[in-house]
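Listed below, chain by chain, are the residues.
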Amino acid sequence: MMPARRRQRLVLTALLLCAAGGAAALTLFALRENINLFFSPTQVQAGEAPGGAAFRIGGMVAAGSVSRGDGLGVSFDLTDTRETVRVSYTGILPDLFREGQGVVALGAMRDGVFVASQVLAKHDENYMPPEVDAALRAAGRAHFAQ
Amino acid sequence: MIAELGHFALILALVVALAQAALPLYASFAGIPAWMALAKPAARAQFLLVAVAFAALTHAFVNSDFSLLYVANHSNRSLPLIYRVSGVWGGHEGSLLLWSLLLAAWGAAVAGRARQLPDAFGARVLAVMAMISAGFLLFMLLTSNPFARQFPAPPDGADLNPLLQDIGLAVHPPMLYAGYVGFSVAFAFAVAALIGGRVDAAWARWARPWTNIAWAFLTVGIALGSWWAYYELGWGGWWFWDPVENASFMPWLAGTALIHSLAATEKRGVFKAWTVLLAVFAFSLSLLGAFLVRSGVLTSVHAFASDPARGLFILLLFALATGGALALYAWRAPRLASRAGFELLSRESALLINNVFFGALCFAVLLGTLYPLLLDALRGAKISVGPPYFNFLFAALGAPLALAVGAGALLRWKKDRARRVLPKLLAPAALSLAAGLALPAFLPHYSLRAALAFALGCWVMLSVVPVLRAAVPAGHMWTRIPRSLAGMALAHFGVGVFIIGVTFTNAYSVERDLRIARGETREIGGYAFSFHGTAEHRGPNYQATRGEFRVRGGGRDITLHPEKRAYFSQENPMTEAAIDAGFTRDLYVALGEPLGDGAWSARIYYKPFIRWIWLGALLMALGGAIAASDARYRSRAPARMTQTAHGAAQVRA
């Protein structure tokens, strides 16, 4: 029979270990469920992006490609200068969205069109999202953000 | 000329900081009282010198001296005076100068109260702070000099980013940095204690008020940032789990754990090693945040100027500070054994639970923020961790934490009995459960999650009452409550207010992105919004298209004027949302784009109780400040101790 104090300490330690382990397991689970991969238009056209699952795509808004539909619907071409993906979005675009600007969109492919639930452009006019920059470089263009 | 004076002052400040870092530290071992005594005047001189540099840069901004590269890049002749002043910290170099100024200010403040500390210990604390200061001054002088000149000077500046031309963002960085940098005091206390090999109640008593104040600043800084993002970014969200937000949130989580574990170390002499480690972590995470924000490694809406050399330098600073402190810790921590025991049901256990949960939350944020970077560095894979990850974890880990707050604060030190505590908690538990189940029934739709979260918020708020009652002896006035306890109660109450704000905002916000034509009326959240077209409006340095929305409902008529601004110095338009703020709800209107025929796309939001989020944060900060002003922190150390010179590591109360 252990002394009462030592037994309590053991219980406390066990509880803490359980709590920490539980939290760690929970964290890893949540992380696995909520990762969004990034693909460039070239990768998407090469079929590397997942079929129905959500991912992020980034590139430049192709010149002259923005067209508005009814209500708040809008669609545009996203390009990394080699390949292009049509993106459709319903909602209000960010202030810095314009042709030639680097943007990142979150969504999924549906019938060959990327249906975006979110479109992000950055605060700074000269800022190029690193992924977009990398995608453009990979597609063979010089670093033009400067 | 004045700019050169500022530059020179910075160089002198670096020299003073190096002397302050080396001499008193050496003297504390060699036992040279005169050299140890140098630390205090050095800290003051350093502050004065950095203040001169800061004043010089401010002078250049106010007088639009565009021969300074930094001024030319972040100011403009048409910029209103207030933003020319806040423009000083509107970019990388100037914000680094602000950081150094605040660091020096904390150092001078510690020097001002160093009479409380034993000489050797005080000398070591100031020496460690000077090392940090020297690191940042060197960083600024070598890679980010705000006084760099350019010839010829351009006729006009490039302008401050319009997003930063805002009162909320003028105040946000000073508050945030005061918090970040304030944790350097706790860090210096921890390192000095490790050098001396001794941590005791007196040490914790000295460290507590500094930590509390730094934490309060950080809390206000984060809340201001959140508030600014809400009204300025034009999407009406209050927290985005953006990596840069996370960078400020991690030190806050570690700091929150620290102020709780310090309580146990002061009162009962337990968790000594852990407390010291947390003090190291809180500041290390501040440095990590600085690295993440300034190195350009992150995908973030906040992107500061990115320069690999700068990133490398901060990474080096971070590695030196953290690595050095941890190495010292590994060597010295075994000495910091805590002998006092406590039982399962005790205040110590409650504080331990607090620390486990805050530790887990901090780790979760760290993982979610760094994992994409790691994966990119290791495998070149570009991923991002979405807000659902953070939301899920904060709900899952935050709920038990909130549940524990109410009971934990009531528990006695060392040993308590359930029979004593439970009856006191019965009333708050019953009341909050009833409120939680009943109130959402009166709202547009019933949500069990919202009901439970609301009950949890009520529970945190109401459970403060028995804590305060237990502190007041029968027949005494409430004014006799010690400030440390009153501050704790207020901060916990603020947590409840915050939870309720988040719950209502998340569950009952009505958000519509829609197309609205002139003369059209839309019903949102029980209010009728009618659009009366747009008109041109000229501001000091921008041209705006100003919409007019009349809102009926809630007993009075309101007119809102959201704007689309074109700043003369920029190409892109800026959205300026119009908000009718209220205690129980905000009405939020932002213009999107013109869609032709006088119609616009617009965001029209109804946000219930969103103010409570920031109100809760302010109450927490106020509570932290009140607790820091407790009478027992103002007492002086016994004179006997302050005279020990050699081997004065022995820190006793």
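What you see is a predicted model; the values in this text were computed from it and never measured.

Some words on the overall build of chain A
Of regular secondary structure, chain A possesses three helices and seven strands. Listing each helix as α and each strand as β along chain A from the N terminus yields α-β-α-β-β-β-β-β-β-α. By residue count, 32% of the 146 residues in chain A fall in the buried class. Contacts in chain A between residues far apart in sequence, at least 24 positions, make up 54% of those at least 6 positions apart.

Here's the deal with the overall build of chain B
Counting its secondary structure elements, chain B contains 20 helices and 11 strands. For 653 residues, the compact-globule estimate of 2.2 N^0.38 gives 26 Å, and the C-alpha radius of gyration of chain B, at 26 Å, lies within 12% of that figure. For chain B, the spread of C-alpha atoms along the principal axes amounts to about 85 × 75 × 55 Å. Of the contacts made within chain B by residues no fewer than 6 positions apart, 74% connect residues no fewer than 24 positions apart.

Here's the deal with the environment of Ala134 of chain B
Residue and element names in this part refer to chain B. For Ala134, the position within the fold is in helix H7 (residues 119-143). Each C-alpha atom, one on Ala134 and one on Ala17, is 5.4 Å from the other, the two residues being 117 residues apart in sequence. Not counting chain neighbours up to four residues away, the residues in contact with Ala134 comprise Leu14, Ala17, Leu18 and Ala21.

A closer look at the interface of chain A and chain B
With 32 residues of chain A in contact, the opposing surface of chain B contributes 40 residues. Those elements that place two or more of their residues in the side of chain A that touches chain B are helix H1 (4-33), strand E1 (35-39) and helix H3 (130-138) of chain A. Top element by residues in the side of chain A that touches chain B is H1 of chain A. It accounts for 12 residues. Taken together, the residues that form the side of chain A that touches chain B break down as 18 nonpolar, seven polar and seven charged.

Quick word on the pairing of strand E3 (residues 521-524) of chain B
Residues and elements named next belong to chain B. Pairing of E3 with strand E4 (residues 527-538), which is carried by four bridges, proceeds in the antiparallel orientation. Counterpart to Ile524 in the pairing with E4 is Tyr527. Turn length for the E3-E4 hairpin, with the two strands adjacent in sequence and antiparallel, is two residues, and the turn residue Gly525 shows positive phi of about 60°.

Some points on the domain arrangement of chain B
Residues and elements named next belong to chain B. Domain assignment breaks chain B into domain 1 (1-165), domain 2 (417-509 + 611-620) and domain 3 (510-608). On a C-alpha basis, the centroid separation for the pair domain 2 and domain 3 is 36 Å. Contacts between the two partners involve five residues from domain 2, matched on the other side by nine residues from domain 3. Per-element tally for the side of domain 2 that touches domain 3: the top contributor is helix H18 (residues 483-508), with three residues.

Notes on unusual backbone geometry
Backbone torsion omega between Phe151 of chain B and Pro152 of chain B reads -5°, so that peptide bond is classified as cis. Of note in this structure, Asp111 of chain A is not a glycine but carries a positive phi near 50°. Mapped onto the secondary structure, Asp111 of chain A falls in the loop between strand E6 (102-110) and strand E7 (113-120). The class for Asp111 of chain A is exposed, based on 5 C-beta atoms found within 10 Å. Although it is not a glycine, Phe271 of chain B sits at a positive phi angle of roughly 55°. Within the element layout of this structure, Phe271 of chain B appears in the loop between helix H10 (243-268) and helix H11 (272-295).

Some details on the sheet that holds strand E11 (residues 599-608) of chain B
Residues and elements named next belong to chain B. Read across the sheet, four strands follow the order E2-E11-E10-E9 without closing on themselves; strand pairing throughout is antiparallel. Among the strands making up the open sheet, the edge pair consists of strand E2 (510-516) and strand E9 (578-580). Ignoring strand direction, the axes of neighbouring strands in this sheet form an average angle of 15°. Where strand E10 (residues 585-596) and E11 come together, nine bridges link them in antiparallel fashion. Across the sheet, Val589 pairs through a bridge with Ile604, a residue of E11.

A short note on the packing of helix H3 (residues 39-62) of chain B against H7 of chain B
Residues and elements named next belong to chain B. For the pair H3 and H7, interaxial distance at closest approach is 9 Å and the crossing angle is 30°. Taken together, the axes of H3 and H7 are roughly parallel relative to one another. Of the two possible hands of crossing, H3 and H7 adopt the one that is left-handed. For the pair formed by H3 and H7, the contact residues are Ala39, Lys40, Ala43 and Gln46 on the first element and Gly122, Ala123, Leu126, Ala127 and Ser133 on the second. Classifying every residue of the contact of H3 with H7 gives five nonpolar, three polar and one charged.

Points about the packing of helix H14 (residues 387-408) of chain B against helix H16 (residues 448-462) of chain B
All names here are of chain B. As a packed pair, H14 and H16 sit with axes 8 Å apart at the nearest point and diverge in direction by 30°. Between H14 and H16, the interaxial angle falls into the category roughly parallel. The two elements H14 and H16 meet at a crossing, and its hand is left-handed. For the pair H14 and H16, the contacting residues are Ala399, Ala402, Leu403, Val405 and Gly406 in the first and Leu456, Trp459 and Val460 in the second. Across the contact of H14 with H16, the residue classes tally to seven nonpolar, one polar and no charged.

Describing the pairing of strand E7 (residues 563-567) of chain B
All names here are of chain B. E7 sits mainly inside the fold: four of its five residues count as buried. Of the pairings in the sheet, the one linking strand E5 (residues 542-552) to E7 comprises five bridges and is antiparallel in character. Residue pairing in the sheet places Gln543 in a bridge with Ala566 of E7. Sheet topology places E7 next to strand E8 (residues 573-576); four bridges connect them, and they run antiparallel. Note on E8: the bridge partner recorded for Glu563 is Glu576. Remark: five residues form the turn of the hairpin made by E7 and E8, two consecutive strands paired antiparallel.

With respect to the nonpolar core
Core analysis: the largest hydrophobic core is formed by 208 residues, its most contacted members being Ala186 and Phe189 of chain B. Here this core gets 20 residues from one element, more than from any other, and that element is helix H8 (residues 167-196) of chain B. When residues are assigned to domains, this core turns out to be shared by domain 1 (1-165) and domain 2 (417-509 + 611-620) of chain B, each giving three or more. Residue contacts for Phe189 of chain B: discarding those within four places in its chain leaves Val125, Trp203, Trp206, Ala207 and Ala279 of chain B. Listed in part, the 24 residues of the second largest apolar core include Phe38, Phe55, Met60 and Val85 of chain A.

About the cut-offs
Residues numbered from 1 in each chain as written. Chains lettered and ligands numbered in written order. Predicted model: local features only at pLDDT ≥ 70, side-chain atom pairs only at ≥ 80, totals over all residues. Helix = DSSP H or I, 4+ residues; strand = E, 2+ residues; numbered from the N terminus. Buried ≥ 20, exposed ≤ 12 C-beta atoms within 10 Å, placed from the backbone. Contact = placed C-beta atoms within 7 Å. Rg over C-alpha atoms; globule rule 2.2 N^0.38 Å. Nonpolar A, V, L, I, M, F, W, Y, C, P; charged D, E, K, R; others polar. Pairing = 2+ DSSP bridges. Domains from an automatic or database assignment. Axes fitted to C-alpha atoms, helices over the stretch in contact; angles between N-to-C directions. Parallel < 35°, antiparallel > 145°, perpendicular 65-115°, else oblique. Left-handed = near helix turned anticlockwise from the far one by under 90°. Core = buried A, V, L, I, M, F, W, Y, C linked by C-beta atoms within 7 Å.

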